[in-house]
Amino acid sequence: MLPDLEIPNHRALIVSGIGCSSRIPGYIDTYGINSLHGRAIVIAQGAKLTRPELTVIAIGGDGDLFSIGAGHLPHAVRRNTDITCIMVNNFVYALTKGQVSPTTPHLRRGEGDFLSLKFYPPVDPILDMVSYSFSTQASFIAQGIATDVPHLEWLIRQGISHVGFSYISVLTPCVTFNPPELISTIQTNACYLQEGEPVKLPASSTEEPWIHDPRNMDMALRLAQVPLLEEPLVGIFFRGVVK
Amino acid sequence: MESARLTIGSVGAGGDGVVVLGTFLQKIAASQGYYSVMPRYYGAQIRGGGSAVKLCLDSEQVLVPNDILDILVCFDWEKYLEFETELMLTEETIVIYEYSPQINLTLPPTSFQIDFSTRSEAATGSTKDKNLVALGLLAKIVGLPEEHISKSIKDDSEFKLLKDKITALRAGEQLYSELLIPELGLLKPRDDSAKIILHGNTATARAAIQAGCKSFFGYPITPAAEIMQEMQEELSQERGIFLQAEDEIASAGMVLGASMVGVKAMTSTSGPGFDLMTEMMGLASSAEIPMVIVDVQRCGPSTGIPSKSEQSDLNHAVYGGHGDAPRIVMAPYSVEGCYRLMIESLNVAYHFQTAVVLLSDQWLGQTFVAIDDKFLQEEYPILETIRPDDTTQGEYYRYRLTEDSISPMAAVGDEGLTHQTTGLAHHTNGTPAFDFETNQIMHQKRWQKLMPLCKRDDLVKVFGKEDSIKGIITWGSSGQVVLEVIRDLDLTEQVEVCIPELLHPLPDKLERFVRSMSKLLIIEMNYTGQFHHLLRSNLDLPKSTKVYARAGGRPFSKQELTNLIIELVQ
């Protein structure tokens, strides 16, 4: 990934929080820190702001970046700091054995399959990460699937190359605590967004499909509102123009 | 009669301009060489509350103002009641006031009612310049030469307001000749070189820049906000990076990010913000990433009294956080100390690769003093982080065990030295470890590396006659009051005063001081006697050790400490 972008290993820093996904820097030969729960994004900003020539990536999970550390995200976005934030969303707190996270699919108690195996379903609506990023107007917003490696690789490369804050949501299976149907449903229903191609809308939609243009914030907002489990959209939702 | 010191109080409602009055008088006196200290007292409200200043001018040196006023200028007696204990009167005090008190108060014989508002209106067309009328009058009473004032006003752009309203000042001077005010006056200053005026928060920020701090991350909080504002000025225009973060967790995290890439960074805060930084402080300690937190202490717990001083964050600074996380804690007792120890804090943080807490307080941080500027001109050694040398290429161990337990630290961007680091227990190469042996060794390393600090005798100040067996230990701004009382009582030959500036790890010199005493008094401003407990848990204190510890909310008065100290001597 980094060699393709002509970024030498020692010019890159990967900051992670705490959680399953936060061991990622340990598997990559760059500078890395497995920091505190929820705080990857602030350490990453401190590094990038003081040494802008470095490539800085923040990695965390759904609990990490959307629960305990959620307060930092809108500020990183509004500053448009040139870091790449990768949110590995496995819909569950897995390191602590299966508690609900802010992204655990919201269903009524006892209903449906897409629950944490062990605990009761959440009673609060889920936080949809992509919509959230729109509401704070991140300048690059994309979603990928962990099981489609070539596409995800391409997305991350686009994110790193983007000048400004880029946010990439990665839909990820938790092989231990998710029912297998969760990721298989996502994989089956996944709908790839392609620039210049018509957008495929879910069956429940009454809208006319439009041609996907990642520069169009209004349309991107509508894409973000497509329910994830009904039709998981993957690809680049929005890419702001670099001024 | 001329004296070496005059203490002048001024009180009023918001809009009466008492702070402006005090500030101008302090500036004029400083430009003629007078030393001074001027605490401000204000309620929690930003507007509408009462405010007061107490300006203590001295021809030689002053650390804390006298308890009792020589002169009081009162624009509002109801507001006076809020600050009665800070602005004490005696039969000798000259009181100048605008309206008769509607409160139960017997004024001293030397009291003068003056229609400031009318005089102001006659002079400038506005009643609002009454503080400047009072200034003119005060300058006369204190005996600051008129031609000197005119020169200061002409030369210094900060006097612009006064220049525009010079008629108000003149009206005040005129008043003096009309009234039969007893003659006060100050002795000539020790030297007539102009003194600089600043407070601890400014000194702290300037020192950070001096020490090579290139980035600042913070969040506004009383009474530390001036450090942040000053740093914003200093680091603007591409001289560095300044960011007002979304909270104190972020501020602390950004400091670590900057340190990792090799850029000196700091943050400043007060109690509640310091709480939020605690987890990050543990990461700094564990992963050995330099970090400096300036805590300008205020009354706690919780929101406490944000605008008033206390020394109650010591426990948190020394012990705060889970696990055994070594850190360095220092505390200045003067504005000069704020400067010197801020440089020291950055030095030791980046040399020892750990968290440093500099415990300032509201009194030090916000009290304007006029002092010699020699300490600003001095050369202070600046320490840098030890980096790996060329021989480490290819086999770099971030946490290599060395003789002094300091492992050379690569900065992100250094070629051939990529590595992982973490707040997890870790091996010498930075990868996670989950075994007892490694955990034990790494603890040892992190504590051991700080031990040379215990030998820093220069960070423990001792005053008075050597080989005395009666001693006082105090720390932070409380030290100023103790030193002044000892001087006033002329006890420097009988009592030794020890003010440690390094509080953790505990310096050897402090231990030697304690061992040499048969009678000991510990003075600090917090309810539980936190420093006493720290000492007691580390050292054998004399049986007769006495402790004077009380909550903050009012500065120590000299009277308050006088009897305690006399008792110690007897």
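Check the entry above for the structure.
Since we're looking at a predicted model, the values are computed, not measured.

Draft legend 1. Just the overall build of chain A, in detail. Looking only at helices and strands, chain A has 7 helices and 10 strands in total. Across the 243 residues of chain A, 57% fall into the buried class. Pairs at least 24 apart in sequence give 66% of the contacts found in chain A among residues at least 6 apart. In the form shown here, chain A has an accessible surface area of approximately 10300 Å², with 56% of it arising from carbon and sulfur atoms.

Draft legend 2. Structural view of the overall build of chain B. Summing up its helical and strand segments, chain B has 20 helices and 22 strands in all. For a compact globule of 570 residues, the expected C-alpha radius of gyration is about 25 Å, and chain B comes in at 26 Å, within 12% of that figure. Dimensions of chain B, computed from C-alpha atoms along their principal axes, come out at roughly 85 × 60 × 40 Å. Here chain B, with 570 residues, has 58% of them falling under the buried criterion. Once local pairs closer than 6 in sequence are excluded, the contacts in chain B between residues at least 24 apart make up 75%. Counting every atom, chain B has about 22800 Å² of accessible surface; 50% of that belongs to carbon and sulfur. Within chain B, the 76 negative side-chain charges are centred at a point lying 1 Å from the centre of the 50 positive side-chain charges.

Draft legend 3. Fine view of the pairing of strand β21 (residues 519-524) of chain B. Residue and element names in this part refer to chain B. Within β21, 5 of the 6 residues are buried, which leaves it mostly tucked inside the rest of the structure. Pairing geometry for strand β18 (residues 470-474) and β21, over 5 bridges, is parallel. Residue pairing for β21: G471 is matched across the bridge by L520. Pairing analysis gives 4 bridges linking β21 to strand β22 (residues 546-549), with the strands arranged parallel. Residue pairing across strands places E524 opposite A549, the latter belonging to β22.

Draft legend 4. Quick look at the pattern of salt bridges. All names here are of chain B. In total, this model carries 41 salt bridges over all chains according to the counting rule given. Note that E146 is salt-bridged to K140, the shortest N-O span being 2.9 Å. D164 is the salt-bridge partner of K160, the closest N and O atoms lying 2.9 Å from each other. In this pair, K160 and D164 are both assigned in helix α6 (residues 160-164), 4 residues apart and thus about one turn of the helix distant. The pair formed by K160 and D164 is uniform in burial state, with each residue classed as exposed.

Draft legend 5. Structural context of the sheet that holds strand β17 (residues 460-463) of chain B. All names here are of chain B. Taken in spatial order, the 5 strands line up as β17-β19-β18-β21-β22 in an open sheet, and their pairing is mixed. Either end of the sheet is taken by a strand with one partner, and the two such strands are β17 and β22. Ignoring which end each strand starts from, the neighbouring axes of this sheet average 20° apart. Strand contacts of helix α20 (residues 558-569): β18, β21 and β22, with the helix running at about 165° to β21, the strand carrying the most contacts.

Draft legend 6. Quick peek at the packing of aromatic side chains. All names here are of chain B. One pass over the structure, following the stated rule, counts 11 aromatic pairs over all chains. Pairing F216 with F242 gives two aromatic rings, centres 5.9 Å apart and planes at 5°, and the pair type is stacked. Separated by 26 residues along the polypeptide, F216 in strand β9 (residues 215-218) and F242 in strand β10 (residues 241-244) bring together distant segments of the chain. Each member of the pair, F216 as well as F242, carries the same accessibility label: buried.

Draft legend 7. Here's a closer look at the pairing of strand β19 (residues 496-500) of chain B. All names here are of chain B. By the criterion of burial, β19 is predominantly enclosed, with 5 of the 5 residues buried. Burial along β19 is two-sided: the face carrying E496, C498 and P500 and the face carrying V497 and I499 are both buried. Sheet topology note: the β17/β19 ladder contains 4 bridges and is antiparallel. Residue K461 lies in a different strand from β19, and its bridge partner there is I499. Where β18 lies against β19, 3 bridges are found, and the strand directions are parallel. Considered in β19, the bridge of I472 is made with V497. Taken together, β18, helix α17 (residues 478-488) and β19 form a β-α-β motif whose crossover is right-handed.

Draft legend 8. Broad picture of the side chain of S215 of chain B. Structurally, S215 of chain B can be placed in strand β9. When neighbours within four sequence positions are excluded, S215 of chain B is seen to be in contact with T50 of chain A together with L235, I241, A258, V263, K264, A265 and M266 of chain B.

Draft legend 9. Up close: the nonpolar core. With 145 residues, the main nonpolar core has I41 and F165 of chain A together with M231, M266, M280 and I473 of chain B as its most contacted residues. Tallying contributions element by element places helix α13 (residues 335-352) of chain B first for this core, with 11 residues.

Draft legend 10. Representation of helix α5 (residues 149-161) of chain A. Residue and element names in this part refer to chain A. Taking 1.5 Å of rise per residue, 13 residues should cover 18 Å, and α5 covers 18 Å from first to last C-alpha, within 8% of that figure. Taken together, the buried positions of α5 are occupied by H151, L152, L155, I156, G159 and I160. Tucked inside the fold, the buried residues of α5 contact β3 (55-61), β4 (84-89), β7 (140-145), β8 (166-171), β9 (191-192) and β10 (233-239). One side-chain oxygen of the residue at the start of α5 lies 3.4 Å from the amide nitrogen of H151, identifying that residue as D148.

Draft legend 11. How the structure looks around the sheet that holds β9 of chain B. Residues and elements named next belong to chain B. Reading across the sheet, the 7 strands line up as β10-β9-β11-β12-β14-β13-β20 and stay open at both edges, with mixed pairing between neighbours. Of all the strands in the sheet, just β10 and β20 (502-504) have a single pairing partner and so form its edges. Each adjacent strand pair in this sheet contributes to an overall mean axis angle of 20°, direction not counted. Relative to strand β14 (residues 355-361), strand β12 (residues 291-297) runs parallel, the two being bridged by 7 bridges. Looking across to β14, one finds that I293 is bridged to V357.

Draft legend 12. Looking closely at helix α10 (residues 248-260) of chain B. All names here are of chain B. Between the first and last C-alpha of α10 there are 19 Å, a value that for 13 residues agrees with the 18 Å anticipated at 1.5 Å per step. Judged by how many residues are buried, α10 sits mostly within the fold: 13 of 13 residues are covered. Positive phi appears at G262, one or two residues downstream of α10, with a value of about 90°.

Draft legend 13. Region of the structure containing the environment of L169 of chain B. Tracing the chain through its elements places L169 of chain B in helix α7 (residues 166-178). Each residue touching L169 of chain B, except ones within four places of it in the same chain, is listed here: L132, L135, G136, I149, I153 and L162 of chain B.

Rules used throughout
Residue positions are counted from 1 within each chain, in the order its sequence is given. Here every chain gets a letter starting at A, and every ligand a number starting at 1, in the order they are written. For a predicted model such as this one, the threshold for reporting local features is a pLDDT of at least 70, and the threshold for listing and counting side-chain atom pairs is 80 or more; totals across whole chains, interfaces and linings nevertheless cover every residue. Only hydrogens and water are set aside when side-chain values are computed; all heavy atoms of the structure are taken into account. Numbering of helices and strands starts at the N terminus; helices are DSSP runs of H or I of at least 4 residues and strands are runs of E of at least 2. When a residue's accessible area, from a 1.4 Å probe over protein chains only, is under 20% of the maximum for its type it is buried; when over 50% it is exposed; and in between it is partly exposed. Two residues form a contact once any of their heavy atoms are found within 4.5 Å. A 1.4 Å probe and the Shrake-Rupley method give the accessible areas. Residues count as covered only by the protein chains that appear here. Radius of gyration means the value over C-alpha atoms here, while the globule rule gives 2.2 Å times the residue count to the 0.38 power. Positive charges are assigned to Lys and Arg, negative charges to Asp and Glu, while His and the chain termini are left out of the count. Charge coordinates come from a single atom per side chain, which is NZ of Lys, CZ of Arg, CG of Asp or CD of Glu. Only when DSSP finds a minimum of two bridges between them are two strands counted as paired. Criterion for a salt bridge: a side-chain nitrogen of Lys or Arg within 4 Å of a carboxyl oxygen of Asp or Glu. Only C-alpha atoms enter the line fits that serve as axes; for helices the fit covers just the stretch in contact. Angles between N-to-C directions range over 0 to 180 degrees. Between the rings of Phe, Tyr and Trp (Trp by its six-membered ring), a pair exists once the centres lie within 6.5 Å; its type follows the angle of the planes, with under 30 degrees stacked, over 60 edge-to-face, and the other angles tilted. Here the term right-handed applies to a crossover when the path leading from its first strand over the helix to its second strand runs clockwise, the strands being oriented away from the viewer. For the purposes of this section, nonpolar cores are sets of buried Ala, Val, Leu, Ile, Met, Phe, Trp, Tyr and Cys residues that join through side-chain atoms within 4.5 Å. Helix span, as expected, comes to 1.5 Å for every residue beyond the first. A 3.5 Å cut-off defines polar contacts: any pair of N or O atoms within that distance qualifies, except that in protein one atom must be a possible hydrogen donor and the other a possible acceptor, and neighbouring residues in sequence count only when both atoms are side-chain atoms.

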